[in-house]
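Close look at the chain arrangement
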Amino acid sequence: MYKKKFLDIISHDPEINEIFKILEKMHLPEATICGGTIRNLIWNKQTGHQSSLKLGDIDVYYKNSNQSYENFLMTKEILAQNHSLYLWNIKNICLPARHLSHRRFYDSIEKTIADFPETATSVGVQKSRLNGYHVIAPYGLADLFELQVSPTPNYAVGQAGHQRYQQRLTNKAWQTRWPELTIND
């Protein structure tokens, strides 16, 4: 039920399609638009808010085991210079997380997205010329479309990540922008 609606929104969004064209030219293996980019787009559609991806980070994860850190930095710079309408937040999951990142990278895009703190954020989409769109939603799409914010298993009450989940709720203040949200603990 939600997958069809999701794919309809994604396939008809001109900014998402533009971003996928850019990513295809960059030849980023398994390029996945995910996280807050997708969450905010769907929440805006669900609540009738104006939506523009130019107002926030474009979360893109990809998997390239042959890329050096220096080449990764060059990729980031190329995106920032040549496509500066967007604020790129790109991550190669094959490279270790740097600095004070709370992100953990796993051996697949799917496992990495499954470790995002909220179920509504744990969503990604890939596009291929042959197969169209591939949805990655380890916890389904119901929370995303029903405007529910719930922790994923590693961030649930009693887990080490729960404090991080609570911090994100405070820092993001999603209910200020989307008062229709229901926050679950």
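Residues numbered from 1 in each chain as written. Predicted model: local features only at pLDDT ≥ 70, side-chain atom pairs only at ≥ 80, totals over all residues. Heavy atoms only, no water.

Points about helix H2 (residues 14-26)
Helix length check: H2 (13 residues) gives 19 Å between terminal C-alpha atoms against 18 Å at 1.5 Å per residue, within 8%. All of the buried residues in H2 are Glu15, Ile16, Asn17, Ile19, Phe20, Ile22, Leu23 and Met26. Two or three places before Glu15, at the start of H2, stands the capping residue Asp13, its side-chain oxygen 3.1 Å from that residue's backbone nitrogen. At the C-terminal side of H2, His27 shows a positive phi close to 55°. (Helix = DSSP H or I, 4+ residues; strand = E, 2+ residues; numbered from the N terminus. Expected span 1.5 Å × (residues − 1). Buried < 20%, exposed > 50% of the residue type's maximum accessible area, 1.4 Å probe, protein only. Polar contact = N/O pair within 3.5 Å; in protein donor to acceptor, adjacent residues only side chain to side chain.)

Remarks on the sheet that holds strand E3 (residues 87-92)
Pairing in this open sheet of five strands is mixed, and the strands run E3-E2-E1-E4-E5 from one edge to the other. Strands with a single pairing partner mark the edges of an open sheet, and in this sheet they are E3 and strand E5 (132-136). Neighbour to neighbour, the strand axes of the sheet diverge by 30° on average, direction disregarded. In the sheet, strand E1 (residues 32-34) pairs with strand E4 (residues 124-128) via three bridges, with the strands oriented antiparallel. (Pairing = 2+ DSSP bridges. Axes fitted to C-alpha atoms, helices over the stretch in contact; angles between N-to-C directions.)

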